[in-house]
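So the chains spell out like this:
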Amino acid sequence: MDSGETRETEELIGRAIVPYSDRPDAAVVARLVDDLITHGQVLHARVAAMPRERRTERAGAALVEWAYFVDAGPMGRGDHANWNHARALARILRSLASALAERPGRVR
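Residues numbered from 1 in each chain as written. Predicted model: local features only at pLDDT ≥ 70, side-chain atom pairs only at ≥ 80, totals over all residues. Heavy atoms only, no water.

A. Examining the nonpolar core more closely. In this structure, Leu-32, Leu-36, Leu-43, Val-47, Leu-93 and Leu-96 are the most contacted members of the largest nonpolar core, which totals 25 residues. Elements supplying a minimum of two residues to this core: helix H1 (3-16), helix H2 (26-48), helix H3 (57-72) and helix H4 (79-102). Ranked by residue count, the leading element in this core is H4, at ten residues. Residues contacting Leu-32, with those up to four places away along its chain left out, are Leu-12, Arg-15, Ala-16, Trp-83 and Ala-86. (Core = buried A, V, L, I, M, F, W, Y, C linked by side-chain atoms within 4.5 Å. Buried < 20%, exposed > 50% of the residue type's maximum accessible area, 1.4 Å probe, protein only. Helix = DSSP H or I, 4+ residues; strand = E, 2+ residues; numbered from the N terminus. Contact = heavy atoms within 4.5 Å.)

B. Main features of the pattern of salt bridges. Counted by the stated rule, this structure contains three salt bridges. Residue Arg-46 is joined to Glu-5 by a salt bridge in which the shortest nitrogen-to-oxygen separation is 2.6 Å. Here Glu-5 lies in helix H1 and Arg-46 lies in helix H2, a separation of 41 residues in the sequence. Residue classification places Arg-46 among the partly exposed positions, given a relative accessible area of 29%. The exposure class assigned to Glu-5 is buried, which follows from its relative accessible area of 16%. A single network of salt bridges, built from pairs that share partners, joins Glu-11, Arg-15 and Asp-35. (Salt bridge = Lys/Arg side-chain N within 4 Å of Asp/Glu carboxyl O.)

C. Geometry of the side chain of His-85. By the secondary structure assignment, His-85 is in helix H4. Discounting residues that sit within four places of it in the chain, His-85 has contacts with Val-33, Phe-69, Gly-73 and Pro-74.

Below, the structure is given as structure tokens:
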């Protein structure tokens, strides 16, 4: 990942992984989920394109979890469920980004 993409990824994760007391309002969470999914789909495709033998077990699990969480959506109703969904997506996004950063042969 280039430095701009890395910053964007870290910023998205940082918006989601905050204490519950700092949870934004429902409209902000909805936009955050959209942003996480949009950005995450790009990273998901890049990790999925990596040869299987170069993917760590963690990267493989992140691919499966990403597909599941995006397809399933929030587990429950209301603002709290959406917030938890955003936080789960952010954690998986972190794993996808790590897989790209750690891949063998990557130019730093």
